[in-house]
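Each chain, letter by letter, is given below.
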Amino acid sequence: MSSRSNGRICLTRNSTPAQANQIPPLSGLSQKSPLETDVSGSTSGDAPHILVVDDEEYICEVIKEMLADANYRVQTAYDPQKAMDILEREPVDFVLTDLIMGEKSGVDVLNKTIKLHPDAVVVLMTGRPTIENAVAVLKSGAYDYLIKPFSMDTLRAVVKRGLEKQRLLRENINLKETVSLYRISEAMGSSIRLDFLLNLILETAIKELEADMAWVLLLDEKNNELIPKASLGIPPRMYESGFLSGNDSISRWVIKNAKPQIFDKDKIEDRFLSWEFKRKIRSGISHPLMAKGKVIGILTLIRTEGQLSPFNIGQIHSLSIIVSKAASAIENSKLYEELRESYMETLTALANAVEARDTYTRGHTERVWYMAELIARQMGWEEDKLWEVKMGGILHDIGKIGVPDAILNKPEALTQEEFEVMKQHPACGAKILEGISFLKPAIPYVLYHHERYDGKGYPNRLRGEQIPIQGRLMAVVDTFDAITSDRPYRKSKGFKLAIKEIKDCSGTQFDPKVAKILVGAWEHGRIDKERIKIKK
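Note that this is a predicted model, so its numbers are computed, not measured.

## Here's the deal with the overall build of the protein chain
Stage number 1. Across its full length, the protein chain holds 19 helices and 13 strands.
Stage number 2. Long-range pairs, those at least 24 residues apart, make up 63% of the contacts in the protein chain between residues at least 6 apart in sequence.
Stage number 3. Of the accessible surface of the protein chain, which amounts to about 27000 Å², a share of 52% is contributed by carbon and sulfur atoms.

Below you can see the structure in the form of structure tokens.
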């Protein structure tokens, strides 16, 4: 067999002894000439995947036999374009490519590898060992280069050294990733707000797995349906497509099998996603959220075209760390919400018991907390504080449980002595609540809702900002509802007079900032008249 003499590599089947020291004899070579062949030095699925690229079939087969005794999975490509196709669809650990191969060069293969498999090791082979070539190859991102011809020992040493560097790099990345995920999972465990949790989960998943879009669907056990709960990076029009409905085959498979699934655009049914969006998707991964052995939802990530390589099996491990902690946090949040709702039902029943003694104020607590929460939102209060607003609104008159019926339902104006008894209800209510730890946030609403901004209120005659903001807020909405409701001693005065009084008493009876927000909310139609049952 003739030898090549174009400067890349000089090999012959009938090598001289000197050459035999460099290239081992081949045995049992296939007579076929496929563009791609696979051979594994180990049956283990964990064997490093090596791709050998050279437009000379003989050189690929020689290198394959050189590595045959090692624990490698070796794949060969005699056409650079076929090599790029392999890089597109398969994870690769090590690429050994010739530098000059006609229209496509080894640098093209190198660039493709770096783009699709950033942690893969690339070594270029050349028969023209110039300093300029070496520098150019290394600057392009190659790990090393081999000069043809090379010995089996040299090849094995380069491969072993490159894979060892890769292993250390991956272990370091995995350690950093694990630490990062652990810290984030701890943050998940420290929060009980479902909306905050879901956004944190999506932000974490997108960042750690370098995705472009993410969403969470939670399972409604009553209706056995997946309900969209949170998303990031989703184009508005994509919501109309139905892909986030949970009725697609991918979501159904993940729910049924309780296993993650990696997919590409071709697996998405056309009826759930238009081509406009499908063509932009490079790869996706859906992972079940499991709690107590049951699927409670799905987390889906999407990478778009032009981004990194498709998701791979190794990234499922990283995602599983996130979803494991996320599922537990979601379940804890749901249990906490159910417990809070049970508390609130108890509190409402207690407030209703107080209102039952006064037929004129029925519905007063519900109207007051609704308006108080609306104003608190206008002031930018966080969700946890809004929960306290609701609790404080429901309980603000709890102290009236100690006021005699004769005073509470007296159809005429109260005497001074009777009014002194009535004035005790804020302190009485605070005393009832102070022994119950989870009700303590409601105490400022109960104790201070009859204080006046000018210091003429009760029970402590506090002035201005000495009055906690909870009391200043409650004073405005409580008075508004009192004016617009029927009372034993008078009929409702209507909302126009109520708004006028809030304006007139701003800065004397009421905190001017709170009064202005209530008036503005009314004038801009933010207060639901049906909700507060006001009749024109």
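## Comments concerning the side chain of Asp93
Stage number 1. Looking at the element boundaries, Asp93 is found in the loop between helix 3 (80–89) and strand 4 (94–98).
Stage number 2. The exposure class of Asp93 is buried, given its relative accessible area of 14%.
Stage number 3. A distance of 2.7 Å separates a polar atom in the side chain of Asp93 from the backbone nitrogen of His49.
Stage number 4. Once residues lying within four places of it in the same chain are set aside, the contact partners of Asp93 are Ala47, Pro48, His49, Ala120, Val121, Leu163, Gln166 and Arg170.

## Some remarks on the pairing of strand 8 (residues 144–147)
Stage number 1. Of the two faces of strand 8, only the one carrying Asp144 and Leu146 is buried; Tyr145 and Ile147 on the other face are not.
Stage number 2. With four bridges joining them, strand 7 (residues 121–126) and strand 8 adopt parallel strand pairing. Residue pairing in the sheet places Leu124 in a bridge with Tyr145 of strand 8.

## Here's the deal with the nonpolar core
Stage number 1. Judged by nonpolar contacts, the single largest core of 31 residues is most densely connected at Leu473, Val477, Phe480, Ile502 and Leu518.
Stage number 2. In terms of residue count, the dominant contributor to this core is helix 11 (residues 364–378) (seven residues).
Stage number 3. In contact with Ile502, not counting residues within four places along its chain, are Val476, Phe480, Phe510, Ala515, Leu518 and Val519.
Stage number 4. Residues Leu198, Ile201, Ile285 and Phe311 belong to the second largest nonpolar core, which totals 25 residues.

## A closer look at the sheet that holds strand 13 (residues 294–304)
Stage number 1. Here we have five strands laid out as an open sheet, ordered 10-9-13-12-11, and antiparallel in their pairing. With partners counted over all chains shown, the strands left at the sheet margins are strand 10 (225–232) and strand 11 (261–263), one partner each. Taken over all neighbouring pairs, the strand axes of this sheet differ in orientation by 20 degrees on average, direction set aside.
Stage number 2. Note: strand 11 against strand 12 (residues 281–291), three bridges, orientation antiparallel. Of the residues in strand 12, the one forming a bridge with Phe263 is Gly284.

## Focus on the side chain of Thr304
Stage number 1. With respect to the secondary-structure elements, Thr304 resides in strand 13.
Stage number 2. In this structure, Thr304 is in contact with Asp212, Met213, Lys280, Ile281 and Arg282, ignoring residues within four places of it in sequence.

## Some words on the environment of Ile100
Stage number 1. Relative to the helices and strands, Ile100 resides in strand 5 (residues 100–101).
Stage number 2. In the structure, Ile100 is positioned 26 residues away from Thr126 in sequence and 7.5 Å away in space, judged by C-alpha atoms.

## Comments concerning the packing of helix 10 (residues 313–355) against helix 12 (residues 383–395)
Stage number 1. Put simply, helix 10 and helix 12 touch, their axes get as near as 9 Å, and they point 20 degrees apart. Between helix 10 and helix 12, the angle is such that the two are roughly parallel. Touching Arg340, Glu341, Met344, Leu347, Thr348 and Ala351 of helix 10 are Trp387, Lys390, Met391, Ile394 and Leu395, all from helix 12.
Stage number 2. Of the residues contributing to the contact of helix 10 with helix 12, the split by class is seven nonpolar, one polar and three charged.

Parameters at a glance
- Residues numbered from 1 in each chain as written.
- Predicted model: local features only at pLDDT ≥ 70, side-chain atom pairs only at ≥ 80, totals over all residues.
- Heavy atoms only, no water.
- Helix = DSSP H or I, 4+ residues; strand = E, 2+ residues; numbered from the N terminus.
- Contact = heavy atoms within 4.5 Å.
- Areas by Shrake-Rupley, 256 points an atom, 1.4 Å probe, with all protein chains shown as cover.
- Buried < 20%, exposed > 50% of the residue type's maximum accessible area, 1.4 Å probe, protein only.
- Polar contact = N/O pair within 3.5 Å; in protein donor to acceptor, adjacent residues only side chain to side chain.
- Pairing = 2+ DSSP bridges.
- Core = buried A, V, L, I, M, F, W, Y, C linked by side-chain atoms within 4.5 Å.
- Axes fitted to C-alpha atoms, helices over the stretch in contact; angles between N-to-C directions.
- Parallel < 35°, antiparallel > 145°, perpendicular 65-115°, else oblique.
- Nonpolar A, V, L, I, M, F, W, Y, C, P; charged D, E, K, R; others polar.

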